[in-house]
Amino acid sequence: METELPKVLTSLISGELIPGACVAITSNEVVTTPPGIVGIIGIRKSLAMRGLTIGATLVPSEWSGKLSIQLINHSNKTVEIHKGDELVNIAYLVEMAG
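Presented here is an overview of the structure given in this document. Please read these numbers as outputs of a predicted model, since none were measured by experiment.

## Observations concerning the overall build of the protein
Part 1 of the reasoning: If you tally the helices and strands in the protein, you get one helix and nine strands.
Part 2 of the reasoning: Starting at the N terminus, the α and β elements of the protein follow one another as β-β-β-β-α-β-β-β-β-β.
Part 3 of the reasoning: For the protein, the spread of C-alpha atoms along the three principal axes comes to 45 × 30 × 20 Å.
Part 4 of the reasoning: Looking at the 98 residues of the protein, the share that counts as buried comes to 33%.
Part 5 of the reasoning: In the protein, of all internal contacts separated by at least 6 residues, the share reaching a separation of at least 24 is 72%.
Part 6 of the reasoning: When the accessible area of the protein is evaluated, it comes to approximately 6,000 Å², of which 57% is carbon and sulfur surface.
Part 7 of the reasoning: Both charge centroids of the protein, one from 7 positive and one from 9 negative side chains, sit 9 Å from each other.

Structure follows, in structure tokens:
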């Protein structure tokens, strides 16, 4: 039986990001990338429109666990994050041999 890979990762915690803050928020979902598959994460449009960006975006092949999502607040306003908020989308790609 195949395991369904999550397409959206949500926040495990609630909190506030003050202007200029960079924080790591753990995802609710466990991600397990199969051999030969990598995950690419991208911030949700709703958060990007509020001035947030993300740090690292690659999930290596054969990695398993909850992701630590690095959020950076580039705006001049405090941004609230609530437990369960959708933070990032994740797409899965076939890893190319180098």
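We are not done yet, so read on.
## Describing the nonpolar core
Part 1 of the reasoning: Counting 17 residues, the largest nonpolar core has Leu9, Ile41, Leu67, Ile69, Leu71, Ile81 and Leu87 as its most contacted members.
Part 2 of the reasoning: For this core, the elements supplying multiple residues, two or more each, are strand 3 (22-32), strand 5 (52-54), strand 7 (64-73), strand 8 (79-81) and strand 9 (86-94).
Part 3 of the reasoning: If we ignore the near neighbours within four places in the chain, the residues touching Leu87 are Leu9, Thr10, Ser11, Ile25, Ile43, Arg44, Leu47, Ile69, Leu71 and Ile81.

## Focus on the sheet that holds strand 6 (residues 58-59)
Strands belonging to one sheet form pairs held by backbone hydrogen bonds; the direction of such a pair is parallel or antiparallel.
Part 1 of the reasoning: Read from one edge to the other, the open sheet built from four strands follows the order 1-9-4-6, with strand pairing classed as antiparallel. Across the chains shown, the open sheet's two edge strands, defined by having one partner strand only, are strand 1 (8-10) and strand 6.

## Remarks on the pairing of strand 7
Part 1 of the reasoning: Both strand 3 and strand 7 contribute to a ladder of eight bridges, which runs antiparallel. Each residue of the ladder has a partner; that of Val31, found in strand 7, is Gly65.
Part 2 of the reasoning: Where strand 5 lies against strand 7, three bridges are found, and the strand directions are antiparallel. Following the sheet pairing, Thr53 is matched in strand 7 by Ile72.

## What to know about the side chain of Ser61
Part 1 of the reasoning: Along the chain, Ser61 turns up in the loop between strand 6 and strand 7.
Part 2 of the reasoning: With relative accessibility at 18%, the residue Ser61 sits in the buried group.

## Points about the environment of Leu52
Part 1 of the reasoning: With respect to the secondary-structure elements, Leu52 resides in strand 5.
Part 2 of the reasoning: By relative accessible area, Leu52 is classed as buried at 2%.
Part 3 of the reasoning: Taking the C-alpha atoms as reference points, Leu52 and Val79, separated by 27 residues in sequence, lie 8.4 Å from one another.
Part 4 of the reasoning: In this structure, Leu52 is in contact with Leu17, Ile43, Leu47, Leu71, Ile72, Asn73, Val79 and Ile81, ignoring residues within four places of it in sequence.

Rules behind the numbers
Residues numbered from 1 in each chain as written. Predicted model: local features only at pLDDT ≥ 70, side-chain atom pairs only at ≥ 80, totals over all residues. Heavy atoms only, no water. Helix = DSSP H or I, 4+ residues; strand = E, 2+ residues; numbered from the N terminus. Buried < 20%, exposed > 50% of the residue type's maximum accessible area, 1.4 Å probe, protein only. Contact = heavy atoms within 4.5 Å. Areas by Shrake-Rupley, 256 points an atom, 1.4 Å probe, with all protein chains shown as cover. Lys, Arg positive; Asp, Glu negative; His and termini not counted. Charge placed at Lys NZ, Arg CZ, Asp CG, Glu CD. Core = buried A, V, L, I, M, F, W, Y, C linked by side-chain atoms within 4.5 Å. Pairing = 2+ DSSP bridges.

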